[in-house]
Amino acid sequence: MEALWEYVLDGTVDWVVSDHACCREEAKFGDPKDDVFLAKSGFGGAEYLLAGMVTEGTRRGLTPGRIAALTSYNPARRYGLPTKGRIAPGFDADIALVDPADRWTVRAADSESTQEYTPFEGFELTARVTDTFLRGNHIYSQGKVTGEPTGTYLHRPTGG
(Lines give C-alpha, C1' and ligand atoms only; values in the text may rest on other atoms or scores of the structure.)
Protein backbone atom coordinates (compact mmCIF):
# COMPACT_ATOMS: atom_id res chain seq x y z
CA MET A 1 0.00 0.00 0.00
CA GLU A 2 2.82 2.41 0.85
CA ALA A 3 4.46 1.77 -2.52
CA LEU A 4 1.22 2.64 -4.30
CA TRP A 5 0.97 5.91 -2.34
CA GLU A 6 4.61 6.66 -3.18
CA TYR A 7 3.82 6.24 -6.88
CA VAL A 8 0.71 8.43 -6.60
CA LEU A 9 2.71 11.12 -4.83
CA ASP A 10 5.59 11.09 -7.34
CA GLY A 11 3.23 11.07 -10.37
CA THR A 12 4.00 7.54 -11.59
CA VAL A 13 0.35 6.64 -10.91
CA ASP A 14 -1.70 9.37 -12.52
CA TRP A 15 -5.28 8.17 -12.10
CA VAL A 16 -7.23 6.43 -9.35
CA VAL A 17 -10.59 4.73 -9.92
CA SER A 18 -12.82 2.22 -8.14
CA ASP A 19 -13.37 -1.44 -8.91
CA HIS A 20 -17.06 -1.11 -8.16
CA ALA A 21 -19.20 -4.18 -8.85
CA CYS A 22 -22.76 -2.95 -9.15
CA CYS A 23 -25.58 -5.39 -9.65
CA ARG A 24 -28.91 -6.37 -8.17
CA GLU A 25 -28.81 -8.50 -5.04
CA GLU A 26 -30.35 -11.53 -6.76
CA ALA A 27 -27.52 -11.49 -9.33
CA LYS A 28 -24.69 -10.85 -6.86
CA PHE A 29 -24.92 -13.63 -4.31
CA GLY A 30 -24.76 -17.41 -4.65
CA ASP A 31 -26.54 -20.03 -2.60
CA PRO A 32 -25.98 -19.97 0.31
CA LYS A 33 -26.00 -16.18 0.31
CA ASP A 34 -23.45 -15.85 3.11
CA ASP A 35 -20.73 -17.79 1.21
CA VAL A 36 -18.53 -14.96 -0.11
CA PHE A 37 -16.74 -17.38 -2.45
CA LEU A 38 -19.95 -17.93 -4.42
CA ALA A 39 -20.59 -14.19 -4.89
CA LYS A 40 -19.53 -12.41 -8.07
CA SER A 41 -16.15 -10.78 -7.65
CA GLY A 42 -15.70 -7.10 -6.94
CA PHE A 43 -17.10 -5.02 -4.15
CA GLY A 44 -18.92 -1.80 -3.53
CA GLY A 45 -16.34 0.93 -3.29
CA ALA A 46 -17.13 3.78 -5.64
CA GLU A 47 -18.99 5.70 -2.97
CA TYR A 48 -15.88 5.79 -0.76
CA LEU A 49 -13.32 6.69 -3.43
CA LEU A 50 -13.44 10.49 -3.33
CA ALA A 51 -13.88 10.77 0.45
CA GLY A 52 -11.05 8.28 0.90
CA MET A 53 -8.75 10.13 -1.49
CA VAL A 54 -9.44 13.45 0.24
CA THR A 55 -8.93 11.89 3.67
CA GLU A 56 -5.72 10.01 2.96
CA GLY A 57 -4.41 12.10 0.07
CA THR A 58 -4.50 15.41 1.92
CA ARG A 59 -2.87 13.75 4.94
CA ARG A 60 -0.04 12.73 2.60
CA GLY A 61 0.26 16.16 0.95
CA LEU A 62 -1.91 15.89 -2.17
CA THR A 63 -3.68 19.12 -3.12
CA PRO A 64 -7.41 19.20 -3.93
CA GLY A 65 -6.51 19.91 -7.57
CA ARG A 66 -4.28 16.86 -7.77
CA ILE A 67 -7.01 14.70 -6.21
CA ALA A 68 -9.48 16.04 -8.82
CA ALA A 69 -7.03 15.18 -11.61
CA LEU A 70 -6.41 11.68 -10.21
CA THR A 71 -10.10 10.84 -9.81
CA SER A 72 -11.74 12.76 -12.65
CA TYR A 73 -9.74 14.55 -15.34
CA ASN A 74 -7.06 11.89 -15.91
CA PRO A 75 -9.46 8.91 -15.99
CA ALA A 76 -11.73 10.79 -18.41
CA ARG A 77 -8.77 11.37 -20.75
CA ARG A 78 -7.65 7.74 -20.40
CA TYR A 79 -11.08 6.41 -21.32
CA GLY A 80 -11.61 8.83 -24.20
CA LEU A 81 -14.50 10.77 -22.62
CA PRO A 82 -13.87 14.28 -23.99
CA THR A 83 -16.81 15.99 -22.22
CA LYS A 84 -15.93 14.66 -18.76
CA GLY A 85 -13.42 15.57 -16.08
CA ARG A 86 -13.41 19.38 -16.09
CA ILE A 87 -15.54 22.28 -14.97
CA ALA A 88 -15.46 24.39 -18.12
CA PRO A 89 -17.70 25.46 -21.02
CA GLY A 90 -18.52 22.47 -23.23
CA PHE A 91 -18.12 19.92 -20.45
CA ASP A 92 -20.98 17.99 -18.83
CA ALA A 93 -21.11 19.72 -15.40
CA ASP A 94 -20.55 16.46 -13.51
CA ILE A 95 -19.61 17.80 -10.08
CA ALA A 96 -19.14 16.28 -6.63
CA LEU A 97 -19.10 18.60 -3.63
CA VAL A 98 -16.97 17.41 -0.70
CA ASP A 99 -17.02 18.54 2.91
CA PRO A 100 -13.33 18.10 3.85
CA ALA A 101 -14.07 18.26 7.59
CA ASP A 102 -16.86 15.70 7.99
CA ARG A 103 -15.52 12.82 10.14
CA TRP A 104 -17.37 9.50 9.82
CA THR A 105 -16.95 5.72 9.85
CA VAL A 106 -17.64 3.49 6.84
CA ARG A 107 -20.44 1.01 7.57
CA ALA A 108 -21.80 -1.34 4.89
CA ALA A 109 -25.22 -1.10 6.54
CA ASP A 110 -25.33 2.62 5.62
CA SER A 111 -24.41 2.05 1.96
CA GLU A 112 -26.71 2.31 -1.06
CA SER A 113 -25.01 -0.83 -2.43
CA THR A 114 -26.96 -4.09 -2.16
CA GLN A 115 -23.78 -6.06 -1.52
CA GLU A 116 -24.11 -5.86 2.27
CA TYR A 117 -20.35 -5.80 2.86
CA THR A 118 -17.33 -3.66 2.14
CA PRO A 119 -13.62 -4.21 2.75
CA PHE A 120 -13.61 -0.61 4.02
CA GLU A 121 -15.86 -1.47 6.99
CA GLY A 122 -14.73 0.54 10.02
CA PHE A 123 -12.44 2.95 8.15
CA GLU A 124 -12.47 6.43 9.66
CA LEU A 125 -12.79 9.11 6.97
CA THR A 126 -12.42 12.86 7.45
CA ALA A 127 -14.24 13.98 4.30
CA ARG A 128 -17.66 13.24 2.83
CA VAL A 129 -19.33 13.79 -0.55
CA THR A 130 -22.37 15.91 0.27
CA ASP A 131 -23.82 16.62 -3.18
CA THR A 132 -23.45 15.31 -6.71
CA PHE A 133 -24.52 16.83 -10.02
CA LEU A 134 -24.80 14.85 -13.28
CA ARG A 135 -24.86 17.08 -16.36
CA GLY A 136 -25.89 19.89 -14.03
CA ASN A 137 -28.78 17.93 -12.49
CA HIS A 138 -28.66 17.64 -8.70
CA ILE A 139 -28.83 13.87 -8.14
CA TYR A 140 -27.45 13.37 -4.61
CA SER A 141 -27.87 15.58 -1.56
CA GLN A 142 -26.94 15.11 2.09
CA GLY A 143 -26.81 11.33 1.94
CA LYS A 144 -29.83 10.73 -0.28
CA VAL A 145 -30.32 10.08 -3.98
CA THR A 146 -32.63 12.74 -5.38
CA GLY A 147 -34.64 12.91 -8.59
CA GLU A 148 -34.93 10.39 -11.36
CA PRO A 149 -32.02 8.57 -13.04
CA THR A 150 -30.63 10.65 -15.91
CA GLY A 151 -27.47 8.76 -16.84
CA THR A 152 -26.83 7.68 -20.42
CA TYR A 153 -24.42 5.24 -21.98
CA LEU A 154 -21.34 6.95 -23.38
CA HIS A 155 -19.65 5.11 -26.21
CA ARG A 156 -15.92 5.38 -25.87
CA PRO A 157 -13.33 4.80 -28.56
CA THR A 158 -11.51 1.47 -28.60
CA GLY A 159 -8.09 0.48 -29.80
CA GLY A 160 -5.58 2.73 -31.41
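What you see is a predicted model, and the numbers here were worked out from it, not measured in a lab.

Enquirer: Requested: an account of the side chain of Lys84, with residues and values cited.
Expert: Looking at where Lys84 falls in the secondary structure, it is placed in the loop between helix H4 (64-78) and strand S1 (95-99). Taking relative accessible area as the criterion, Lys84 reaches 11% and is therefore assigned buried. In terms of polar contacts, Lys84 uses its side chain to reach the side chain of Asp92, at 2.9 Å.

Enquirer: Requested: an account of the layout of surface pockets, with residues and values cited.
Expert: When its volume is computed, the second largest pocket comes out at roughly 770 Å³. What lines the second largest pocket is a set of 23 residues, and nearest its centre among them are Trp5, Val16, Leu49, Met53 and Phe120.

Enquirer: For the nonpolar core, give the residues involved together with the corresponding values.
Expert: Of all hydrophobic cores here, the largest spans 9 residues; its members are Trp5, Val8, Val16, Met53, Val54, Leu62, Ile67, Leu70 and Ala127. Those elements that provide at least two residues to this core are helix H1 (2-10), helix H3 (46-59) and H4. With sequence-adjacent residues up to four places away left out, Met53 is seen in contact with Trp5, Val16, Thr58, Leu62, Ile67, Leu70 and Thr71.

Enquirer: How would you sum up the packing of aromatic side chains? Please name residues and give values.
Expert: On inspection of all chains with the given rule, the structure shows 4 aromatic pairs. Taken together, a centroid distance of 5.9 Å and an interplanar angle of 70° make the contact between Tyr48 and Phe120 edge-to-face. Taken together, the residues span a long stretch of sequence, with Tyr48 in helix H3 and Phe120 in the loop between strand S2 (104-105) and strand S3 (124-125) at a distance of 72 residues. The partly exposed category is assigned to Phe120, whose relative accessible area is 26%. For the pair Phe120 and Phe123, a centre-to-centre distance of 5.6 Å together with 80° between the ring planes defines the contact as edge-to-face. Its relative accessible area of 44% is what places Phe123 among the partly exposed residues. Through a chain of ring-to-ring contacts, the aromatic side chains of Tyr48, Trp104, Phe120 and Phe123 assemble into a single cluster. Here the guanidinium or amino end of Arg78 rests over the ring plane of Tyr79, the centre of that ring lying 5.6 Å away.

Enquirer: Outline the sheet that holds strand S5 (residues 137-141), listing residues and values.
Expert: Sheet architecture is open: 4 strands sit in the order S1-S4-S5-S6, paired in antiparallel fashion. Of all the strands in the sheet, the pair left with one neighbour each is S1 and strand S6 (144-145). Direction of pairing for strand S4 (residues 128-134) relative to S5: antiparallel, over a ladder of 4 bridges. Each bridged residue has a counterpart across the sheet, and for Asp131 the counterpart in S5 is Ser141.

Enquirer: A description of unusual backbone geometry should follow, citing residues and the corresponding values.
Expert: Positive phi values are uncommon outside glycine, yet Arg135 reaches one of about 50°. Relative to the helices and strands, Arg135 is located in the loop between S4 and S5. One non-glycine residue with positive phi stands out, namely Gln142, at about 50°. Assignment of secondary structure puts Gln142 in the loop between S5 and S6. On the accessibility criterion, Gln142 (60% relative accessible area) is exposed.

Rules of the game
- Residues numbered from 1 in each chain as written.
- Predicted model: local features only at pLDDT ≥ 70, side-chain atom pairs only at ≥ 80, totals over all residues.
- Heavy atoms only, no water.
- Helix = DSSP H or I, 4+ residues; strand = E, 2+ residues; numbered from the N terminus.
- Buried < 20%, exposed > 50% of the residue type's maximum accessible area, 1.4 Å probe, protein only.
- Polar contact = N/O pair within 3.5 Å; in protein donor to acceptor, adjacent residues only side chain to side chain.
- 1 Å grid on protein atoms, 1.4 Å probe; cavity = no way out; pocket = protein on both sides within 12 Å on 5 of 7 lines; lining within 4 Å.
- Points joined across faces, edges and corners; volume = space filled by probe spheres on them.
- Core = buried A, V, L, I, M, F, W, Y, C linked by side-chain atoms within 4.5 Å.
- Contact = heavy atoms within 4.5 Å.
- Phe/Tyr/Trp six-rings, centres within 6.5 Å; stacked < 30°, edge-to-face > 60°.
- Lys NZ or Arg CZ within 6 Å of the ring centre and 35° of its normal.
- Pairing = 2+ DSSP bridges.

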